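# Observations on chain architecture
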Amino acid sequence: MEVRKMNIKELREQHDMTQEDLAKKIGVQFPAVSKWERGITYPLMDKVIAMAEVFGVSTDVVLGLQPVPDIRGTA
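This section reports on the structure supplied with the text. As the structure is a prediction and not an experimental result, all values here were calculated from the model.

## Concerning the nonpolar core
- Grouped together as the largest cluster of nonpolar side chains are 19 residues, with contacts concentrated most on L22, M51 and V62.
- Looking at this core, the element that brings in the most residues is helix α4 (residues 45-55), giving five residues.
- The residues contacting M51, other than those within four sequence positions of it, are I8, L22, I26, W36, P43 and V62.

Structure, rendered in structure tokens:
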């Protein structure tokens, strides 16, 4: 089974957040975000849901099942 690349880093950068910013918003330590972005570990579902809420996208986008929408140029 192929493991998909999650879209956490792209979403975070698109929203001008550091790993620490995101970690604070979802209640984890920032090294966890780094490990998720590098595919070393994976977030629990409650953290995937929290990231989806922070970024205003579906969990499918966070999980890499759907592409990241381009928010540049939107009001």
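## A look at the packing of helix α2 (residues 19-26) against helix α3 (residues 30-37)
- Interaxial distance between α2 and α3 falls to 8 Å at its minimum, and their mutual angle equals 110°. Compared by their axis directions, α2 and α3 come out roughly perpendicular. As α2 runs across α3, the sense of the crossing is right-handed. Residues Q19, E20, L22, A23 and I26 of α2 pack against F30, V33, S34, W36 and E37 of α3.
- Residues belonging to the contact of α2 with α3 are distributed by class as follows: six nonpolar, two polar and two charged.

## Some details on the pattern of salt bridges
- Under the counting rule described, the total for this entry stands at two salt bridges.
- Across the pair K24 and E20 runs a salt bridge, and its minimum N-O distance is 3.9 Å. You can see K24 and its partner E20 sitting in helix α2, four residues apart, about one turn around the helix.
- Taking relative accessible area as the criterion, K24 reaches 63% and is therefore assigned exposed.

So, how was this worked out
Residues numbered from 1 in each chain as written. Predicted model: local features only at pLDDT ≥ 70, side-chain atom pairs only at ≥ 80, totals over all residues. Heavy atoms only, no water. Core = buried A, V, L, I, M, F, W, Y, C linked by side-chain atoms within 4.5 Å. Buried < 20%, exposed > 50% of the residue type's maximum accessible area, 1.4 Å probe, protein only. Helix = DSSP H or I, 4+ residues; strand = E, 2+ residues; numbered from the N terminus. Contact = heavy atoms within 4.5 Å. Axes fitted to C-alpha atoms, helices over the stretch in contact; angles between N-to-C directions. Parallel < 35°, antiparallel > 145°, perpendicular 65-115°, else oblique. Left-handed = near helix turned anticlockwise from the far one by under 90°. Nonpolar A, V, L, I, M, F, W, Y, C, P; charged D, E, K, R; others polar. Salt bridge = Lys/Arg side-chain N within 4 Å of Asp/Glu carboxyl O.

That's the geometry; what it means functionally is another story.
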